[in-house]
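# Coordinates in review
This is what each chain is made of:
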Amino acid sequence: MSVVTEIIDGFPGDRPVRVIERDEPLLFKKPAQNPMKLWEDDVPPLPVYKFISKYEPVRFAPPRGVFEGPSLRLEWMTMSVNGRQPFYHRNTDVEEIGFQIYGQRTQMTELGTIDLSPGQFSCIPVGIAHDNYGREDIHLILYMHGPVQACVPAAELGEYRNPAFPGWEPKMMAEVTTHCLGGPHCDVAVGMVDEVMLLKTTQSIEEKLPLHEPSKATGKTEWIYKAPKVWIGHTTLVAGSPRIYTRHMCADEIQYQFEGTRTLITQRGAVTLEPGEFVSIPFGCAFASETHDGSKHVSVLTADKTPAVPQPVRTADLNIEELLAAYA
């Protein structure tokens, strides 16, 4: 018998976390009989969605939706080789989290300017104007209803810069204000703004834009942000990390593979994930991860159903017995 640990969590945090022992092969074994059809004999395998994870030269284009629901929108974004977003943006109803995947990105806001490198996060509060200047940039954008609480200390704070970035030429810029989770066709006001005046606001506001990055802890998810219905975390795994199963009772877990490869083992099948790939593990489904060479991924817990926008590129393999034998 192969005994493993399973954690049944209490997201969003108001229920006790329960730790139990399981016979691992039985997690994936179908009952021999189901005479009264009391459960589903077949469950669909986990779908996988993919976006590029290394920069390819493109012209500026709007972000692409990955998952969209009533309390979370997750978008994938890439910018031109050395280009900026052609407008400042304000959200009326959500806070905006950014996660840098590739390249460098300068974020200019009324709370200061910061530079983002791969693996780093930023959190723009509701109502704060912001713009981006990317260099071979790819990043994720997550819109969620606040308040958002940072669970790790800020690695850096925004500052007033003049110039905002090398070669910056200040302009009169478009300013767009949106609602409905930053979605397309949700503009409520459009105008112009003097970006020198906008960025100088930093000097008169005590609050500064925080940049966050994960610690070097390995083996379990480190929560970076928590909001009422959405949590965002980061996980670093190394070869030999214990295989611990997790089961969420009140949230789906969206995962984005950021670095390295990892085999995700779930009751909806097993799949080896590569950088740039997304999955969404439904609540109530036990899952664990294995890696041979090291792995990093972002986790997003969402209490509301948040369907995928793109079509899957493949699905998980429901034949898990051989895979477990390989990791025995």
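Preceding block: the structure.
On a predicted model such as this, the values are computed, not experimentally measured, just so you know. Within any chain, residue numbers begin from 1 and follow the written order of that chain's sequence. Residue-level local features of this predicted model are given only where pLDDT is at least 70; pairs of side-chain atoms are given and counted only at 80 or more, and the full residue set underlies all totals for whole chains, interfaces and linings. Side-chain measures were taken over the full set of non-hydrogen atoms in the model, leaving aside hydrogen atoms and water.

Moving on to the overall build of the chain. When helices and strands are tallied, the chain shows three helices and 26 strands. Radius of gyration here is computed from C-alpha atoms only, and the compact-globule reference equals 2.2 Å multiplied by the residue count raised to the power 0.38. Computed over C-alpha atoms, the radius of gyration of the chain comes to 21 Å, within 12% of the 20 Å expected from 2.2 N^0.38 for 328 residues, which places it in the range of a compact globule. Along the first, second and third principal axes, the C-alpha atoms of the chain reach 70 × 40 × 35 Å. Residue pairs at least 24 apart in sequence account for 73% of intrachain contacts in the chain once pairs closer than 6 positions are excluded. Methods summary: accessible areas were calculated by the Shrake-Rupley approach with a probe of 1.4 Å, and residue burial reflects only the protein chains presented. In the structure as shown, the chain presents an accessible area of about 15400 Å², 55% of it carried by carbon and sulfur atoms. Comment: elements are numbered from the N terminus, with helices defined as DSSP H or I runs of at least four residues and strands as E runs of at least two. The contact rule is simple, with two residues in contact once any of their heavy atoms fall within 4.5 Å.

All right, on to empty space enclosed by the protein then. Of the two site types, the cavity is a set of points on a 1 Å grid over the protein atoms alone where a 1.4 Å probe fits but cannot get out, and the pocket is an open set with protein on both sides within 12 Å along at least five of seven lines, each lined by residues with an atom within 4 Å of a point. Grid points are joined across faces, edges and corners, and a volume is the space filled by probe spheres set on the points. In this structure the tally under the stated criterion is two cavities of 30 Å³ or more. Of the volumes computed, that of the largest cavity is approximately 40 Å³. Leu237, Val238, Gly240, Ser241, Pro242, Ser289, Glu290 and Thr291 are the residues that line the largest cavity. Side-chain classes follow a simple rule in which Ala, Val, Leu, Ile, Met, Phe, Trp, Tyr, Cys and Pro form the nonpolar group, Asp, Glu, Lys and Arg form the charged group, and the remainder, Gly included, forms the polar group. Residue composition of the lining of the largest cavity, grouped by class: three nonpolar, four polar and one charged. Approximately 30 Å³ is the volume attributed to the second largest cavity. In this structure, the second largest cavity is lined by Pro214, Ser215, Ala217, Lys220, Glu222, His234, Thr235 and Thr236. Of the residues forming the lining of the second largest cavity, the biggest block, three residues, is contributed by strand S18 (residues 230-237).

Time to look at the pattern of salt bridges. One side-chain nitrogen of Lys or Arg within 4 Å of one carboxyl oxygen of Asp or Glu is enough to make a salt bridge. Using the criterion set out here, one finds 17 salt bridges in the structure. Between arginine 73 and glutamate 68 there is a salt bridge, with the nearest N and O atoms lying 2.9 Å from each other. Here arginine 73 falls in the buried class, since its relative accessible area comes to 5%. Taking relative accessible area as the criterion, glutamate 68 reaches 34% and is therefore assigned partly exposed. Linking lysine 229 and aspartate 304 is a salt bridge whose minimum nitrogen-to-oxygen distance equals 3.3 Å. Categorising residues by exposure relies on relative accessible area from a 1.4 Å probe, with only protein chains included: less than 20% of the type maximum marks a residue as buried, more than 50% marks it as exposed, and the intermediate range marks it as partly exposed.

Take the environment of proline 310 next. Residue placement: proline 310 occurs in the loop between strand S25 (295-302) and strand S26 (314-315). Distance from proline 310 to isoleucine 128, taken between C-alpha atoms, is 30 Å for residues 182 residues apart in sequence. Once residues lying within four places of it in the same chain are set aside, the contact partners of proline 310 are Tyr49, Phe51, Gly65 and Val66.

This paragraph deals with the sheet that holds S18. Paired strands, in this sense, are two strands between which DSSP finds at least two bridges. The eight strands are arranged S12-S17-S18-S25-S20-S23-S3-S26 in an open sheet whose pairing can be described as antiparallel. Every other strand in the sheet has two partners, leaving strand S12 (149-150) and S26 as the edge strands with one partner each. When strand S20 (residues 252-260) meets S25, the two strands line up antiparallel, connected through eight bridges. What sits directly across from glutamine 255, in S25, is serine 299.

On to the state of the cysteines. Pairs of cysteine sulfur atoms within 2.5 Å are identified as disulfides in what follows. One pass over the structure, following the stated rule, counts one disulfide. With its sulfur 1.7 Å from that of its partner, cysteine 180 forms a disulfide with cysteine 186. By relative accessible area, which is 29% here, cysteine 180 ends up partly exposed. Judged by its relative accessible area of 10%, cysteine 186 falls in the buried class. Here cysteine 151 stays free of any disulfide, with the sulfur of cysteine 123 as its closest cysteine sulfur at 11 Å. Judged by its relative accessible area of 32%, cysteine 151 is partly exposed. Distance from the sulfur of cysteine 285, which forms no disulfide, to the nearest cysteine sulfur (cysteine 250) is 15 Å.

So, on to the packing of aromatic side chains. Within 6.5 Å between ring centres, the rings of Phe, Tyr and Trp (the latter by its six-membered ring) count as paired, and their orientation is classed by plane angle as stacked under 30 degrees, edge-to-face over 60, tilted in between. What the rule picks out here adds up to 12 aromatic pairs. Aromatic pair phenylalanine 99 and phenylalanine 258: ring centres 5.1 Å apart, planes at 75°, arrangement edge-to-face. Here phenylalanine 99, found in strand S8 (residues 95-109), pairs with phenylalanine 258, found in strand S20; they are 159 residues apart in sequence, far enough to count as distant. For the pair phenylalanine 99 and phenylalanine 258, a shared accessibility class is recorded, and that class is buried. Seen in terms of ring centroids, tryptophan 223 and tryptophan 231 are 5.4 Å apart; in terms of plane orientation they differ by 70°. Their pairing is edge-to-face. Residue tryptophan 231 is classed as buried on the basis of its relative accessible area, which comes to 11%. Pairwise contacts between aromatic rings join Tyr49, Phe51, Phe67, Trp76, Tyr256 and Phe278 into one cluster. For lysine 226, the ring lying beneath its charged end belongs to tryptophan 231, and the centroid distance is 4.1 Å. A positively charged side chain is recorded as over a ring if its NZ (Lys) or CZ (Arg) lies within 6 Å of the ring centre. The angle to the ring normal must also be within 35 degrees.

One can expect most non-glycine residues to show negative phi and most peptide bonds to be in trans. For the peptide bond that leads from glycine 146 to proline 147, omega is 5°, which places it in the cis range. Tracing the backbone through its elements, the reader meets proline 147 in the loop between strand S11 (130-144) and S12. Put simply, asparagine 162 and proline 163 share a cis peptide bond, and its omega is 10°. Inspection of the secondary structure puts proline 163 in the loop between strand S13 (156-157) and strand S14 (172-178). Of note in the backbone geometry, histidine 185 takes a positive phi value of approximately 60° without being a glycine. Position of histidine 185 among the secondary structure elements: in the loop between S14 and strand S15 (187-194).

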